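# Close look at the chain arrangement
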Amino acid sequence: MSERIVVDPITRIEGHLRVEVDIDEKGVIKEAYSSGTSVRGLELIVKDRDPRDVWAYVQRICGVCTTVHALTSIRAVEDALKIKIPRNAHLIRDIMNEAQFVHDHVVHFYHLHALDWVDVVSATKADPAETSKIAQSISSWLKSSPGYFTDVQNKVKKLIESGQLGLFANGYWGHKAYKLPPEVNLLAVAHYLEALDWQKEIVKIHTIFGGKNPHPHYVVGGMATPLDINSDNGVHAERLMHVSQLIDQAREFVNQVYIPDLLAIGSFYKDWTYGGGLNNYLCYGDFSTGDIYDTKLYRMPRGIVLNGNLNEVLDIDLKDPKHIQEYIDHSWYTYDGEDGGKGKHPFEGETTLNYTGPKAPFKTLDTNKQYSWLKAPRFKEHPMETGPLARMIVGYASGKEEIVNIVDDTLKKLDLPIAALQSALGRTVARGLETVLISGWLRNDMDALLKNIKSGNQSTFDRTKWEPSTWPERAKGVGWMEAPRGALGHWIDIEKGKTKNYQAVVPTTWNASPRDHKNTIGAYEAALKGTPMLNKEEPLEIMRIIHSFDPCLACAVHLTDLETNKTTEIRLG
Amino acid sequence: MINKEQKQRITILGIGNTLFSDEGVGVHLLPILEEALKDDKNIEIIEGLTDGMKLLGPVEDAEYLIIIDAINAGKEGGTIITLVGEEIPAYFGIKMSVHQLGFQEVLFAAQMRERYPKQIVMFGMQPTSLQLGVELTETNQRKLGELAEVVIDQVNRWRHVS
């Protein structure tokens, strides 16, 4: 006997990600089904458009990851047209991506994920003097006096008394899976509030280099950033100095607040080892110290680890039709008029919508048939996990010194073996570790850029192939990057100066993938299996695991809804 | 103290996703407002699109804030909707911890941090369609001028606040 539990939505935005799980009589998850319930359809929108404009459309796929889609898109076009960009443009792109990583990961930790581990209501019972002692024992961050934590605590108390909890309104406060003492809960809540302030600053790096807030400008062939240290306009000396300061502040926050909090919280959950999953990890790699085509110079290496085997890193070729294929057997699409049976490489990819699911309102999806708007991407028929944990595992298995050192040091501090990383908490720790590394690269890349500019090299754009008359009749290209949520790829086919076909395979498509042609489950589905739930009406465990992947089912329709402002979206089927 | 010449700083923030036809109304309206209000240096127009917490800065910096967005009030497509103060849902009561912080969370965060704008008015339009598409539907497109007028009316009221 099993019982079906439905959690919809998992993401805050109505109707984007839904999870159905079957639990046994002991409350252990036996099977899980991950369903993307909204069509992305971006491929249809960019068809026939000028390839040089596509980045501006695709960056609207998502309000969180705007820059990453823009960057991947221009890389795809540049690959197709064999455009080499100036070194400064490469550096500025990396700086922007690194700033995006640091912003995203800190916001994810404090504002999207922490409350799966931190009980806000419990923070009201804390002794602020004790919180102060803990804070001072783990970090030299200055805001750590008993008075400071008392103020924060009073703020939270006021919120609770007013009944207007807002952001905190709907947690499963008091759930038995929360293990932190009140004092640590208070520490985390205080930093939740501080991180709100901090995140407002770091995004200014995008405004300065991208010229526009909040959606920066990109250009095929380089960057549109007008570097000129002596002018009054454009990016001059004073603005560059501002970026430098923002980078130092970001590193300070990461090293003195984020990481100490992460380890402090993590140390109370060492027994919660669930949420690992596939143990197959995929990285396209990125952050080259040379150019993007020289994968040997990647600070975040490319590669595949299968079955958790750290002794072997396989290569991946994004253009090899046998390496990456997307299957649709459990997805609401057709390929050549058929509803499954074969995979397609993104160059041959097809976006033909074919909804066969139940009409709303419905209780459960028919998970034996098609049940998701996401396709099922596979590497040589293997389902893969992508993102921070994949990057740390592939980096570790590749023997990248920086990665090996930080992983080993952290595991030593927590007194855990490497296998412990393969869990929801491990994923969350991996995200923090890569933030440390990437914020360091942010500093290095900014220094390299400043050095170039000082030596008189202010070039950011190569216009030799700007005009379509210089292009071949037909050209195909792929753009890739490591985005905060994982390996991102865009494939473009250009014909007569127009976009003939376009396909994007985004990190969450790998992670939230439904079953494929062989009924093999995806990363979320695998991560949920075997997890015991303490209270099926409060699926905190499901939240914890899914949020550890930082799900992003793009296209952020965020219509203000006065009609369906419901208080509960969990249904028991 | 009455000073009729005093200028109010007004921020206009257009939000929405322009890939889903009428969802993008808040963004489509901005060029019209930019043209109509271009001579007033006290007005800042921001294309917020679908950004979440990245909009906390502009919101907290605003004194008088106008938000323009698609609003589902269960009305006929193209209906213009005005929400003032408490009517603006400061958060969704969805029983989940959040993934992507939406605009409601941004407003709530500003409130909690006691950096809420002095006044907020939200203008929106009931979508006719949320299908894929980078243009508004004809029905909503026709009402764009009217929506611009109500926004400009509000701007004028604030401009002359003493």
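As annotated in an unreviewed UniProt entry, chain B carries the name HyaD/HybD family hydrogenase maturation endopeptidase and comes from Neobacillus novalis.

Named according to an unreviewed UniProt entry, chain A is Nickel-dependent hydrogenase large subunit originating from Neobacillus novalis. The Subcellular location (unreviewed entry) field of the UniProt record for chain A holds the comment "Cell envelope".

## Overview of the overall build of chain B
The helix and strand tally for chain B stands at six helices and five strands. Starting at the N terminus and walking to the C terminus, you meet the elements of chain B as β-α-α-β-α-β-β-α-β-α-α. Counting all 162 residues of chain B, 51% fall into the buried class. A sequence separation of at least 24 residues applies to 78% of the contacts in chain B between residues at least 6 apart.

## A look at unusual backbone geometry
Residue and element names in this part refer to chain A. Phi is positive for Phe287, which is not a glycine, with a value near 60°. By the element assignment, Phe287 lies in strand β5 (residues 286–288). Exposure remark for Phe287: the 22 C-beta atoms within 10 Å place this residue in the buried category. Positioned with a positive phi, Asp336 is a non-glycine residue whose angle comes to about 50°. On the secondary structure map, Asp336 appears in the loop between β9 (333–334) and β10 (343–344).

## As for helix α5 (residues 128–138) of chain A
A:Pro128, A:Thr131, A:Ser132 and A:Ala135 are the residues of α5(A) that are buried. All buried residues of α5(A) project into a common sector of 100° when viewed along the axis, lining one side.

## Regarding the packing of helix α10 (residues 388–397) of chain A against helix α11 (residues 401–414) of chain A
Residue and element names in this part refer to chain A. Contact pair α10 / α11: the axes reach a minimum separation of 8 Å and the direction vectors enclose 110°. The pairing of α10 with α11 is recorded here as roughly perpendicular in orientation. Crossing of α10 over α11 shows left-handed handedness. Between α10 and α11, the contacting residues are Met392, Gly395 and Tyr396 on the first element and Ile403, Val404 and Val407 on the second. Taken together, the residues of the contact of α10 with α11 break down into five nonpolar, one polar and no charged.

## A word on the sheet that holds strand β4 (residues 281–283) of chain A
Residues and elements named next belong to chain A. Read across the open sheet, the three strands follow the order β7-β4-β13; overall the sheet is mixed. A strand with exactly one partner marks an edge of an open sheet, and here the two such strands are β7 (303–305) and β13 (385–386). Here two bridges tie β4 to β13, and the two strands are oriented parallel to one another. By the bridge assignment, Tyr281 is partnered in β13 with Glu385.

## Quick word on helix α9 (residues 237–267) of chain A
Compared with the 45 Å implied by 1.5 Å per residue over 31 residues, the 44 Å span of α9(A) between its first and last C-alpha is a close match. Bending of α9(A) peaks at approximately 35° at the position of A:Val254.

## A closer look at the nonpolar core
The biggest cluster of nonpolar side chains holds 204 residues, and the ones touching the most others in it are A:Ile95, A:Val189, A:Leu282, A:Ile393 and B:Ile66. With 13 residues, the single largest contributor to this core is helix α4 (residues 87–113) of chain A. With residues up to four places along the chain from it excluded, the contact list for A:Ile393 reads A:Tyr281, A:Val305 and A:Leu421.

## Observations concerning the packing of helix α7 (residues 182–202) of chain A against α9(A)
All names here are of chain A. In the contact formed by α7 and α9, the axes pass within 11 Å of each other and the chain directions differ by 160°. Relative to α9, α7 is oriented roughly antiparallel. Crossing geometry of α7 relative to α9 is assigned as left-handed. Each of Val184, Leu187, Ala188, His191, Glu194, Trp198, Glu201 and Ile202 in α7 lies in contact with α9, whose residues at this interface are Leu246, Gln249, Ala250, Phe253, Val257, Asp261, Ala264 and Ile265. Across the contact of α7 with α9, the residue classes tally to eleven nonpolar, two polar and three charged.

## With respect to the pairing of strand β1 (residues 10–15) of chain B
Successive residues of a regular strand alternate their side chains across the two faces of the sheet. All names here are of chain B. When you tally the buried positions in β1, you get six out of six residues, the bulk of the element. What you see with β1 is no split at all: Ile10, Ile12 and Gly14 on one side and Thr11, Leu13 and Ile15 on the other are buried throughout. By the bridge criterion, six bridges tie β1 to strand β2 (residues 43–49) in an arrangement that is parallel. Its bridge partner lying in β2, Leu13 is registered against Ile46. Judged from the five bridges that link them, β1 and strand β3 (residues 64–72) form a sheet pairing that is parallel. Each residue of the ladder has a partner; that of Thr11, found in β3, is Leu65.

## Some words on the pairing of strand β16 (residues 498–505) of chain A
Residue and element names in this part refer to chain A. Alignment of strand β15 (residues 486–495) against β16, held across seven bridges, turns out to be antiparallel. Looking across to β16, one finds that Glu495 is bridged to Lys498. Hairpin remark: β15 followed by β16, antiparallel, with two residues in the connecting loop; positive phi at Lys496, about 50°.

## A short note on the UniProt feature "binding site: Mg(2+)" (unreviewed entry) in chain A
Per the UniProt annotation, the sites labelled "binding site: Mg(2+)" (unreviewed entry) are A:Glu43, A:Cys62, A:Cys552 and A:His558. Once residues within four sequence positions are removed from consideration, A:Glu43 is found in contact with A:Thr351, A:Tyr502, A:Gln503 and A:Ala504.

Calculation criteria
Residues numbered from 1 in each chain as written. Chains lettered and ligands numbered in written order. Predicted model: local features only at pLDDT ≥ 70, side-chain atom pairs only at ≥ 80, totals over all residues. UniProt positions renumbered as here; feature names shortened; annotations may be inferred. Helix = DSSP H or I, 4+ residues; strand = E, 2+ residues; numbered from the N terminus. Buried ≥ 20, exposed ≤ 12 C-beta atoms within 10 Å, placed from the backbone. Contact = placed C-beta atoms within 7 Å. Arc of directions from axis to C-beta. Axes fitted to C-alpha atoms, helices over the stretch in contact; angles between N-to-C directions. Parallel < 35°, antiparallel > 145°, perpendicular 65-115°, else oblique. Left-handed = near helix turned anticlockwise from the far one by under 90°. Nonpolar A, V, L, I, M, F, W, Y, C, P; charged D, E, K, R; others polar. Pairing = 2+ DSSP bridges. Expected span 1.5 Å × (residues − 1). Bend = angle between axes of the 7 residues up to and from the residue. Core = buried A, V, L, I, M, F, W, Y, C linked by C-beta atoms within 7 Å.

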